[in-house]
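Next come the chains, spelled out residue by residue.
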Amino acid sequence: MSNTDAIEQTIAFVKEILQNAEGGHDWFHIQRVFKNSLLIAKDEKKADPLVVGLGALLHDIADAKFYDGDETVGPKMAKEFLVSIQIDEKVIDHVVKIIENISFKGGNFKQKFKSIELDIVQDADRLDAIGAIGIARCFNYGGFKNRKLYDPDIEPNMNMSKEQYKKNDSPTINHFYEKLLLLKERMNTKSGKKLAEKRHEYMEGFLQQFYDEINGRA
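Residues numbered from 1 in each chain as written. Predicted model: local features only at pLDDT ≥ 70, side-chain atom pairs only at ≥ 80, totals over all residues. Heavy atoms only, no water.

A. Highlighting the packing of helix α1 (residues 3-17) against helix α3 (residues 49-58). Two numbers describe how α1 lies on α3: the axes approach to 10 Å, and their chain directions differ by 5 degrees. In terms of orientation, α1 lies roughly parallel with respect to α3. Counting all contacts with α1, which are made through N3, A6, I7, T10, I11, F13 and V14, the residues of α3 involved are L50, G53, L54, L57 and L58. Broken down by class, the residue content of the contact of α1 with α3 amounts to nine nonpolar, three polar and no charged. (Axes fitted to C-alpha atoms, helices over the stretch in contact; angles between N-to-C directions. Helix = DSSP H or I, 4+ residues; strand = E, 2+ residues; numbered from the N terminus. Parallel < 35°, antiparallel > 145°, perpendicular 65-115°, else oblique. Contact = heavy atoms within 4.5 Å. Nonpolar A, V, L, I, M, F, W, Y, C, P; charged D, E, K, R; others polar.)

B. Representation of α3 in the model. Most of α3 is tucked away: nine of the ten residues are buried. Looking at α3, one finds that the buried residues are L50, V51, V52, G53, L54, G55, A56, L57 and L58. Summarising the contacts, the buried residues of α3 are in contact with α1, α2 (27-41), α4 (73-84), α5 (89-101) and α6 (116-127). (Buried < 20%, exposed > 50% of the residue type's maximum accessible area, 1.4 Å probe, protein only.)

C. Expanded view of the packing of aromatic side chains. Across all of its chains, the model carries nine aromatic pairs by this definition. Judged by centre distance (5.8 Å) and plane angle (20 degrees), the ring pair of F176 and F206 falls under stacked. Here F176 is found in helix α9 (residues 174-178), whereas its partner F206 is found in helix α10 (residues 190-214), with 30 residues between them in sequence. On the basis of relative accessible area, F176 is assigned to the buried category, the value being 0%. In this structure an aromatic cluster arises from ring pairing among F139, Y150, F176, F206, F210 and Y211. (Phe/Tyr/Trp six-rings, centres within 6.5 Å; stacked < 30°, edge-to-face > 60°.)

Right, here's the structure in full:
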């Protein structure tokens, strides 16, 4: 099977699985991460384009937050699909490791695996968590979980364990400090870091406007 055929079959599979997904983790999120991964990969000549493409397309096929925190569902589902379309075993193993290690998990999670392909897909995923899209996704998910927008009496928790992060139900605005504003400094690739700069600045401007309005200054 050609790389193009493998990618096309994977796109069709992901679209079907995620057709009723929450708005911030739907096919359009996957599509953006896929496109950003290909963009970043252009500057990383050593990266395997098939691993990057499949990793991007399957990285959120079963996000643990929608499966009671079970982190085994996504890798298992991805592996079963890739086996079914007869992808090379080494490629499957690499893609599964990307899915297992891509998540932020409170920032205190130590990756057990490292590769340039993981770096690329992780950067692309993090880019979709910041900037205008990131803000929209953040509040969309907060609404999905029925969280408060803002509560000055609940401060951001900057030292959460992975388990605390998964169970965190603090106001949506706190998530900017607990994750989104931290991502610029955690980008892996030169291209990822450059792309993150503008999106980070946009979030800072949004927060300034938000607090101006909260405090009656605008």
